[in-house]
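Observations on chain architecture
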Amino acid sequence: MLKDTNCGELRASDEGREVTLAGWVNRRRDHGGLVFIDLRDHSGLVQVVFNPKDSAAATAVAEGARGEYVLRLTGKVTRRRPGTENAELPTGEIEVHASGAEVLNPSKTPPFYITEDTDVEEMLRLKYRYLDLRRETIHGNLVLRHRVVKFIRDFLSGRGFTEIETPLLTAPTPEGARDYLVPSRVHAGHFYALPQSPQQFKQLLMVAGFERYFQIARCLRDEDLRADRQPEHTQLDLEMSFISNEEDIFKLTEELYHALATTVFPHYRIQQHPFPRMTYAESIRRFGTDKPDIRYGLELVDFSELLRESEFAIFRQAIASGGVVRGLCVPGGAAMTRKQVDDLTTFVQNYGAKGLVSMQFGGEGSMDSLPAEDIRSPVAKFFSLDQAQEMGRLAGASRGDMLLMVADKPAAANKALDPLRRELASRLELADPNVLAFAFVTQYPLLEWSDTEGRWMSVHHPFTSPYLEDLEKIESDPGEVRSHAYDLVCNGWELFSGSVRIHRRDVQERVFASLGISPQEAQRRFGHMLEAFEYGAPPHAGIGAGIDRLMAVLTGQPDIREVIAFPKTKSASEPLTGAPTMVSQQQLDDLHIAVTEVEEEPSL
Ligand code: ASP
């Protein structure tokens, strides 16, 4: 090797050693005669001192070096003079006194600072990702990602799981997104789909008798991108046979996530272990979402019963037409200014709410002694003192707090209140960044009505087992059928989804029928699954757990692109390679494809 020691590993105990290092010039300082270079490699940084008295030739090399030059050098590990140690650097007690240096490769001036985690425009970062990835935080994120995946592999291998690869070129499996398709050259007019998940294959592996399977699998979904979505994501895909119910999955995954967090990220405190369980209905009622951040309270309150006869027409009419008045209590919110409340109104309007009604309770002491003049609300005149006190009590408010309310259909109200709750928590700094609050969400409905599709759709996917005792309602009252689907959430992110699966042909056929899939279509698309279930399919269940999201939560990053080496932009392109690209006419001909429309200048 061109080096015998890693820069970041040197310590005071190495004093006196002669070392050969190789790496990048992180920073260079010229102190009239003395030159200092922080040399960086994968392991970290070390300070190197070039003194013409030690070596004029090495010092000349250092003088000519610039940021990101690749150097190889030899020198002696020396303790820094007292008072010049750097406590923030692991190598801060020592420095290397250079006796030789050579330039292995120079570097152009990079388009942004590698040395600092400054804000750099995303496009530039992605175009020069190989430089961006030299930066400390993101470089570290990828190293942590490796450790996490290795931990998962070791943990599951120790529990009898076998890692098995499944095809990338395959038939569609419905996970609710659009497929990426690959045209077949050999079979004109036919297409493979890239897997939205290995769902069907892993179930077939259960039929094949593997009992415990996992895979670190790439899943591809053509859908609109957001901070927690990329066209391709990595998932811990896992399946287990002979489970008696979802608790078996919870027990295993709870151990996995707990051990993983406490081993690889020991600075976190786990809020509750065993992880709490709540049903989907409870999660929606308390937090307006099935991905609640339970590090803080701010739970939603339903005022509908209390306000059914309200003099405030907007509330009364909303409730009369099947809507709700829901909201939350903001601790200390009475101190918010008119402007701050108006900002929150604009905020919820961005999430489709028609408005936001505030009620601030001034003064101190108990709600019972609240005088009317201490109630501040744009709609105060519509509420009696009694009513306002009742509302405050219902929400657990004290004087000094504020109620915020939205009147709408339940789903629309939740759609605004969930982000409002998160926004308030962030403004009031209620979410402790050092806490991981895991929770299992259970008992999802099997089906939900889609207005756009005009039919019932799977809430999870079509292979999810309904509660067998609810099955009789699947034709008459599809929305009431509960399923054995579940999620693991943490700090407001969904970490995995999974379910107990159907393993009987008759049940699977009934579920397909409820989705409006005719027997012929079921046979054409999923005949292999139906048939496999007739050859001794064991009861089984599993999960698909996002690795990117997990890494984002654990490293405290707001966007999964900070934990992916080569992510795509929000418009699904890759500035580094230029993908997606146009292809030659010959390639199109080979694939029997005629292009009908070409985007002029693809927007990245
Ligand atoms: N295939 C599912 C998904 O990708 C996960 C599962 O049910 O195991 O979301």
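Everything that follows concerns the structure shown earlier in this document.
Because the structure is predicted, anything quoted here is derived from the model rather than measured. Residue positions are given per chain, counted from 1 along the sequence in the order it is written. Under the rules for a predicted model, residues below a pLDDT of 70 receive no local features and side-chain atom pairs below 80 are neither given nor counted, while totals for whole chains, interfaces and linings still include all residues. Each side-chain value is worked out from all heavy atoms of the structure, with water and hydrogens disregarded.

**Topic: a negative patch on the surface**
Note on patches: the residues involved have over 30% relative accessible area and no salt bridge, like charges join within 9 Å, and the nonpolar side chains Val, Leu, Ile, Met, Phe, Trp and Tyr join within 5 Å. To measure how exposed things are, a 1.4 Å probe is used in the Shrake-Rupley method; for residues, cover is taken only from the protein chains shown. Here, a salt bridge means any Lys or Arg side-chain nitrogen found within 4 Å of an Asp or Glu carboxyl oxygen. Counting rule applied: Lys, Arg positive; Asp, Glu negative; His and chain ends not counted. For the purpose of locating charges, the reference atoms are NZ of Lys, CZ of Arg, CG of Asp and CD of Glu. On the surface, Glu-597, Glu-599, Glu-600 and Glu-601 cluster together into a negatively charged patch. Helix numbers and strand numbers start at the N terminus; a helix is a DSSP run of H or I with at least 4 residues, a strand a run of E with at least 2. Mapped onto the fold, Glu-600 is located in the segment after helix H16 (585–590).

**Concerning the site of the ligand**
Nearness of a residue to a molecule or strand requires only that one of the residue's heavy atoms be within 4 Å of it. Around the ligand, the structure places 14 residues, and the nearest of them are Glu-175, Gln-199, Lys-202, His-460 and Arg-501. Within the contact set of the ligand, an oxygen atom lies 2.8 Å away from a side-chain nitrogen or oxygen of Arg-221. Here a polar contact is taken to be a pair of N or O atoms separated by no more than 3.5 Å, where protein atoms must pair a possible hydrogen donor with a possible acceptor and residues adjacent in sequence count only if both atoms sit in side chains. In this structure, an oxygen atom belonging to the ligand sits 3.4 Å away from a main-chain N or O atom of Ile-543. Within the complex, 95% of the 270 Å² of free accessible area of the ligand lies under protein. At the level of elements, helix H5 (199–207), strand S23 (493–500) and strand S24 (540–546) are the ones that each hand at least two residues to the shell around the ligand. Broken down by element, the residue count for the shell around the ligand peaks at 3 residues, all from S24. Charged means Asp, Glu, Lys or Arg here, nonpolar means Ala, Val, Leu, Ile, Met, Phe, Trp, Tyr, Cys or Pro, and polar covers whatever is left, Gly included. Considering only residue class, the shell around the ligand consists of 1 nonpolar, 9 polar and 4 charged.

**What about the pattern of salt bridges?**
As enumerated under the stated definition, the model contains 54 salt bridges in all. Put simply, Arg-125 and Asp-132 hold a salt bridge, and the shortest N to O gap is 2.9 Å. On the basis of relative accessible area, Asp-132 is assigned to the buried category, the value being 0%. Put simply, Lys-354 and Asp-408 hold a salt bridge, and the shortest N to O gap is 3.2 Å. Of this pair, Lys-354 sits in the loop between helix H10 (338–350) and strand S15 (357–361) while Asp-408 is found in strand S17 (residues 402–408), placing the two residues 54 residues apart along the sequence. In the salt-bridge network here, residues are joined through shared partners; they are Arg-125, Arg-129, Asp-132, Arg-135 and Glu-562. Working definition: with a 1.4 Å probe on protein chains only, accessible area under 20% of the residue-type maximum means buried, over 50% means exposed, and in between means partly exposed.

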